[in-house]
Amino acid sequence: MNLELKKAIDQISKDKGLDRDMLIDTLEEAVRMSVLRRFSEDMDVEVTYNDDTGDIEVYQFKIVVEDGDVANEDTQIALAEAREHDPSVQLDDEMGFRVKVEDLGRIAAQSAKQVIIQRMRDAEQEIIYEEYKDRVGEIVSGIVQRRDKGGWVVNLGRTEAILPREEQIPREHYKRGDRLQALIIDVRKEGRGPQVVISRAHRDYMAALFRREVPEVDDGVVQIMGVARDPGSRAKVAVISRERDVDPVGACVGVRGSRIQNIVQELHGERIDIVVWSPDIATYARNALAPALVSRIVVDEEENLLEVIVPDDQLTNSIGRKGQNVKLAARLLGWKVDIFTETRYNEANAIGHGLEQVASVAEVSIEALLAAGYSSLTALRAATDGELSDKLGISEARISDLRSAINFLAPVVEEDPEPSDVSLALPEAGETAPAEGDGAGTDGGHA
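About the criteria used
Residues numbered from 1 in each chain as written. Predicted model: local features only at pLDDT ≥ 70, side-chain atom pairs only at ≥ 80, totals over all residues. Heavy atoms only, no water. Axes fitted to C-alpha atoms, helices over the stretch in contact; angles between N-to-C directions. Helix = DSSP H or I, 4+ residues; strand = E, 2+ residues; numbered from the N terminus. Parallel < 35°, antiparallel > 145°, perpendicular 65-115°, else oblique. Left-handed = near helix turned anticlockwise from the far one by under 90°. Contact = heavy atoms within 4.5 Å. Nonpolar A, V, L, I, M, F, W, Y, C, P; charged D, E, K, R; others polar. Buried < 20%, exposed > 50% of the residue type's maximum accessible area, 1.4 Å probe, protein only. Arc of directions from axis to C-beta. Salt bridge = Lys/Arg side-chain N within 4 Å of Asp/Glu carboxyl O. pLDDT = per-residue confidence, 0-100. Pairing = 2+ DSSP bridges. 1 Å grid on protein atoms, 1.4 Å probe; cavity = no way out; pocket = protein on both sides within 12 Å on 5 of 7 lines; lining within 4 Å. Points joined across faces, edges and corners; volume = space filled by probe spheres on them.

(A) How the structure looks around the packing of helix α15 (residues 385-392) against helix α16 (residues 396-409). Interaxial distance between α15 and α16 falls to 10 Å at its minimum, and their mutual angle equals 110 degrees. Classed by the angle they form, the pair α15 and α16 counts as roughly perpendicular. Once α15 is placed against α16, the crossing between them reads as right-handed. Across from D385, L388, S389 and L392 in α15, the residues of α16 making contact are I399, L402 and R403. Grouping the amino acids of the contact of α15 with α16 by side-chain chemistry returns 4 nonpolar, 1 polar and 2 charged.

What follows is the structure, encoded as structure tokens:
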């Protein structure tokens, strides 16, 4: 009885979580291959593991042929010789002969052992792959083991994971033995085994932390509609409540900020803005740009652009340090965002409005004015009649109408006797206030 082999199979099955029948099949196949390699690949061999005794039984099968017709002794046996073993045997019968496993020799036994180990390793890796591929998007905890050329290797228990440099939070430093949490973002099949890739910088990691810390998010009452992160520095999370009596922001913050603080601590102080999602893009943008106050928003759906106008004293808040606030908001919204102060936006619009009126009076398109190099009323006033005629192709009467319109919209600056003292001519009652001349533009930021 080979109880040691039986005990080894039971122990490996338990420790490695491998199917016992699969181990036995692997063992039988490994012994069969060793027999063929040791004797002849032409042999018809059957290997059976006796689960009661723990023994491996190997049988070689041969076909009974006429005496003198044996062409291959590995697969055929003469009738006379066969009847020495079984007097009742007939031609074309198949006879089985037991092969002593001990006769395989030390080399064959070692080969069988290597095959068994490799098959077990392959089976274990397949099990690990099947287990972890269904855990993508799940938070795991592990211990930093060693530095790898692509990042850090983290021991997850059953297997190792790689934390690539680009998936690490900037300014976070690790050393061997540190315990860390991360999100599984990919599981790849590779030659040396399944490669589990984890991340601490991925936006989905933050969403997973909210699901873990906020029951309302986990059960779907509060839904996360989007996440934008500057890992380790700042993030914006858009949320919405599916129930009227549940405040999505309050649920995420928790009593005295307990829930959000747990997430902030896990991310080593990353600042998190929780904003309310809205199907109306202008409302959503106002929320996303908080804490900055917004005066109004112009939506350009064709260009997927938002022109955001803020009070002059809110420009810094709206853009944020190094443009971080507007960039995160744009990423969260999925729109391009341009920030304007009220003063500059009004100046730019006044100039644009003036050009449109002049173009209408002269009966030319505003595109023609811009193409000719006239982007402001000042530039038009400075042009001679000949230049206007050549570039715009308009008559003297139209040129006269154009100049009247310019003087009406932006009266000429009158010079004082003293060259150093100038003043702007004020419009008559009912006239439009003069727009600032050339050089007015947008002042602010964009993302």
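(B) Expanded view of helix α8 (residues 258-266). What α8 keeps buried is the set I260, I263, V264 and E266. Within α8, the buried residues cover an arc of 165 degrees as seen down the axis, which keeps them to one side. Elements that come into contact with the buried residues of α8 comprise β8 (179-190), α5 (203-213), α7 (248-253) and β12 (271-276). Downstream of α8 by a residue or two, H268 has a phi angle that is positive, lying close to 55 degrees.

(C) Highlighting the pattern of salt bridges. Overall, the coordinates contain 21 salt bridges when judged by the stated rule. Across the pair R188 and D186 runs a salt bridge, and its minimum N-O distance is 2.9 Å. On the basis of relative accessibility, which here comes to 29%, the residue D186 falls in the partly exposed class. Between D273 and R234 there is a salt bridge, with its nearest N and O atoms 2.7 Å apart. Remark: R234 occurs in strand β11 (residues 234-241) and D273 occurs in strand β12; sequence separation between them is 39 residues. Comparing D273 with R234, the two get one shared label, buried. When salt bridges with common partners are traced through the structure, they connect E131, R135, E138 and R158 into a single cluster.

(D) Spatial organisation of the packing of helix α9 (residues 281-288) against helix α11 (residues 324-333). Viewed as axis vectors pointing N to C, α9 and α11 meet at an angle of 145 degrees, and their least axial separation amounts to 9 Å. Helix-helix and strand crossings are classified by hand; for α9 and α11 the assignment is right-handed. Residues I281, Y284, A285 and A288 of α9 form the contact with α11, whose own contacting residues are A329, L332 and L333. For the contact of α9 with α11, the residue count by class is 7 nonpolar, no polar and no charged.

(E) Summary view of the confidence of the model for the chain. On average, residues of the chain score 82 in pLDDT, and 85% of them reach the 70 mark or higher. Across the chain, the element-wise mean pLDDT spans from 34 in strand β17 (residues 422-423) up to 96 in β11. This stretch, residues 413-443, has a pLDDT under 50; its non-local contacts, to residues over four places away or in other chains, come to 35 contacts.

(F) Expanded view of the sheet that holds strand β6 (residues 151-155). Within the closed barrel, the 5 strands sit side by side as β5-β6-β7-β9-β8. Their pairing is mixed. Strand-to-strand, the axes of this sheet are offset by a mean angle of 50 degrees, without reference to chain direction. Of the pairings in the sheet, the one linking strand β5 (residues 139-148) to β8 comprises 5 bridges and is antiparallel in character. Within β8, the residue paired with I139 across the bridge is L183. On the sheet, α5 packs against β5, β8 and β9 (193-199) and is oriented at approximately 125 degrees with respect to β8.

(G) Up close: the side chain of T159. Here T159 is to be found in the loop between β6 and β7 (160-164). By relative accessible area, which is 11% here, T159 ends up buried.

(H) Examining the layout of surface pockets more closely. The volume enclosed by the second largest pocket comes to roughly 400 Å³. Contributing elements (two or more residues each) for the lining of the second largest pocket: α4 (105-133), β5, β7 and β9. The residue inventory of the lining of the second largest pocket, partitioned by class, reads 5 nonpolar, 4 polar and 7 charged.

(I) Seen up close, the sheet that holds strand β15 (residues 336-341). Strand order in the open sheet formed by 3 strands is β13-β14-β15, with mixed pairing between adjacent strands. Each edge of the sheet is formed by a strand with only one pairing partner; in this case those strands are β13 (296-300) and β15. In this sheet, adjacent strand axes meet at a mean angle of 20 degrees when their direction is disregarded. Pairing of strand β14 (residues 305-310) with β15, which is carried by 6 bridges, proceeds in the parallel orientation. Residue I309 lies in a different strand from β15, and its bridge partner there is F340. Along the sheet face, α9 touches β13 and β14 and points at about 130 degrees away from the line of β13.

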